[in-house]
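Each chain is listed here by its residues.
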Amino acid sequence: MEITRRSLMTASVGAALMPMVPRLSRAQAANTIRIGVLNDQSGPYRDISGPYGVACTQVAVQEFGSHGFNVEVISADHQNKPDVGANIARQWYDRDGVDLIIDVPTSSVGLAVSQVAKEKNKAYINCGAATSDLTGSQCSPNTICWMYDTYMLAKSTGGAMVKAGGDTWFFITADYAFGHALERDTTGFVKAAGGKVLGSVKYPFPSTTDFSSFLVQAQASRAKVIGLANAGADTINCIKQAAEFGITRRGTKLAALLMFLSDVHALGLQTAQGLVLTESFYWDLNDRTRAFTKRVLPRLNGTYPNMNSAADYSATLHFLKAVADMGVQAAKASGVDIINRMKAMPTDDDAFGPGRIREDGRKLCPAYLFQVKSPQESKAPWDYYKLLQTTPAEETFRPLNEGNCPLVRS
């Protein structure tokens, strides 16, 4: 089996240089599945997946083995810009023979790529974009969402904070689709539990690094909880700057509504200890997650997989199983058909265990509420989490009849 990774240069703002992907001969193309990993490889979400998501996709291809067809992995940086992401998607589908686009953190880019996949009748598996609209009002027969969304995060982390007494909130929100959806969904859970939202401030994404003025506004509101409706480097900077201002020492809690193991590592346990967060994967959760982690570690340059990079592995493996089940020609012919075959097949792998995909495209998995250990509690490198509670897969996500997805039969 041929496995290839190529680093591709993407466009700058406006008119751009598109990634150059070598053409295959007609015979090669007919027997080759091309997977395009599209993510942030240079900006605030780089460490969430970036090169690590590419590496985990490659490991899935390698472990899948030979089933009579070749698999090629290519990658590109969407720069967190919807127009750049959509243009790359069109070129990959139209010119470069890409059969599946995977990953795509940044909800505005994810929504744009989902529309392109539907237009071209190709397959798209979202592992990084968190907006719950992708399985709601903007669901598509060509799209599957693999791991987490804003509803799940709001229910798990937001709900736990309210139950613990955090009944007044102020949001610091990334001003684009993801931040808006995360604030919206968390607000719903806060109010349903009898809490109040005292205010919010939205900041430009991805150009903001100084959050001091926003933290001052949040503190002035006297809210018990500051909800961080952001991710990646933005979350890291917010938490660091809140620690510098002594905000948490005064009794205010930070709700890191989307946080990853890589973020905790970047902060260090001295700063991150005590934070409560939700992930759907943790390397030390059970024997299967530890086995998966052992296999991918040599490809990750010293870092450990988080739920995004693990999802790239899991989704790629299930996609290739579906291709083998229906045949490569049929899989290449119709994105809707290969997505439907994936929905019809149960999922199972070492990263996430057994599961299934609903008709709205939502892959179901448990939500794990973790608390970050103190330096004294951590016994080994990357030993960062202690498990507080588990929400079963069938209870984790928005009920099927509440999402307004047109694919759901009433």
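You'll find the structure just up there.
To start, this report covers the structure provided alongside it. (Residues numbered from 1 in each chain as written. Predicted model: local features only at pLDDT ≥ 70, side-chain atom pairs only at ≥ 80, totals over all residues. Heavy atoms only, no water.)

Ranked by internal contacts, the top residues of the largest apolar core, which has 111 residues, are I125, W146, I172 and F319. The contacts of I172, once residues within four sequence positions are left out, are V201, Y203, F211, F214, L215, A218, I226, G227, L228, A229, N230 and C238. Membership of the second largest hydrophobic core comes to 19 residues, among which are A76, Y93, I101 and V104. (Core = buried A, V, L, I, M, F, W, Y, C linked by side-chain atoms within 4.5 Å. Buried < 20%, exposed > 50% of the residue type's maximum accessible area, 1.4 Å probe, protein only. Contact = heavy atoms within 4.5 Å.)

This part covers unusual backbone geometry. Put simply, F205 and P206 share a cis peptide bond, and its omega is 5°. Along the polypeptide, P206 turns up in the loop between β7 (196–203) and α7 (212–220). Phi is positive for Q79, which is not a glycine, with a value near 60°. Even without a glycine there, the phi angle at N80 is positive, about 60°. With respect to the secondary-structure elements, N80 resides in the loop between β2 (70–77) and α3 (82–94). (Helix = DSSP H or I, 4+ residues; strand = E, 2+ residues; numbered from the N terminus.)

So, about the state of the cysteines. Tallying each qualifying case throughout the model produces 1 disulfide. Between the sulfur of C139 and that of C405 lies a disulfide, 2.0 Å long from S to S. Taking the sign of the S-S torsion, about 90° here, the bridge from C139 to C405 comes out right-handed. One end of the pair, C139, is in the loop between β4 (123–126) and β5 (143–145); the other, C405, is in the segment after α15 (393–396), with 266 residues separating them in the sequence. (Disulfide = S-S within 2.5 Å.)

Following the criterion strictly, the structure yields 23 salt bridges and no others. Among the ionic pairs, R34 bridges to E72, the shortest N-O distance being 2.6 Å. On the criterion of sequence distance, the pair formed by R34 in strand β1 (residues 32–39) and E72 in strand β2 is long-range, its members being 38 residues apart. We note that R34, like E72, is buried. A salt bridge links D133 to R184; the shortest N-O distance between them is 3.3 Å. You can see D133 sitting in the loop between β4 and β5 and its partner R184 sitting in helix α6 (residues 177–192), a full 51 residues away along the chain. Note on D133: relative accessible area 19%, which makes it buried. Its relative accessible area of 40% is what places R184 among the partly exposed residues. Each member of the salt-bridge network shares a partner with another, and the members are E63, R288, R295, D348 and D350. (Salt bridge = Lys/Arg side-chain N within 4 Å of Asp/Glu carboxyl O.)

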